[in-house]
Amino acid sequence: MMIILDRDGVINHDSPNYIKTPDEWIAYSESLTAIARLNQAGHQVTVATNQSGVGRGFYTLETLENIHHKMKAELAAVGAHLDGIYFCPHTPEDHCECRKPKPGMLLQIAKDFQINIKDTIFVGDAWRD
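Residues numbered from 1 in each chain as written. Predicted model: local features only at pLDDT ≥ 70, side-chain atom pairs only at ≥ 80, totals over all residues. Heavy atoms only, no water.

Draft legend 1. Quick peek at the environment of Lys-70. Inspection of the secondary structure assignment puts Lys-70 in helix 3 (residues 61-77). At a separation of 2.8 Å, a polar atom in the side chain of Lys-70 contacts the main-chain carbonyl oxygen of Pro-22. (Helix = DSSP H or I, 4+ residues; strand = E, 2+ residues; numbered from the N terminus. Polar contact = N/O pair within 3.5 Å; in protein donor to acceptor, adjacent residues only side chain to side chain.)

Draft legend 2. Inspection of the nonpolar core at higher detail. Within the largest apolar cluster, 17 residues are counted, with the highest numbers of intra-cluster contacts made by Leu-5, Ile-11, Trp-25, Ile-35, Leu-75 and Leu-82. Contributing elements (two or more residues each) for this core: strand 1 (2-5), helix 1 (29-40), strand 2 (44-50) and helix 3. If near-sequence neighbours (up to four positions away) are discounted, Leu-75 is found in contact with Leu-32, Ile-35, Ala-80, His-81 and Leu-82. Grouped together as the second largest cluster of nonpolar side chains are 10 residues, Ile-4, Cys-96, Met-105 and Leu-106 included. (Core = buried A, V, L, I, M, F, W, Y, C linked by side-chain atoms within 4.5 Å. Buried < 20%, exposed > 50% of the residue type's maximum accessible area, 1.4 Å probe, protein only. Contact = heavy atoms within 4.5 Å.)

Draft legend 3. Focus on helix 3. With 17 residues, helix 3 should reach 24 Å at 1.5 Å per residue; the first-to-last C-alpha distance of 24 Å fits that figure. Phi turns positive one or two residues past the end of helix 3, at Gly-79, with a value near 80 degrees. (Expected span 1.5 Å × (residues − 1).)

Structure, rendered in structure tokens:
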């Protein structure tokens, strides 16, 4: 089964000021452990996250990549991994199809992993997800 997780507020602490650096990315240890357990149970785990801070110019794609590198390293330290990380760099004003709650990222995950999206579990930190 595919499990799709939001990032901020689910895997790590969220901030109203955006997570703009790797140092600001602080994991919930319980989430890292939960992902490890999902991996051990044979589930695929991906992340689908809105990252409008890129579109707003608060941080670059390179910085986002560095944040995700830290996330992957902390997951690896507890024996966990992600099968994919999907993100939307757009602002709400861009009216793109990939920004949650629109389904673009989820549909891309379904296509990439050749799964039925109806057979997935999505965990977000807000109803809009």
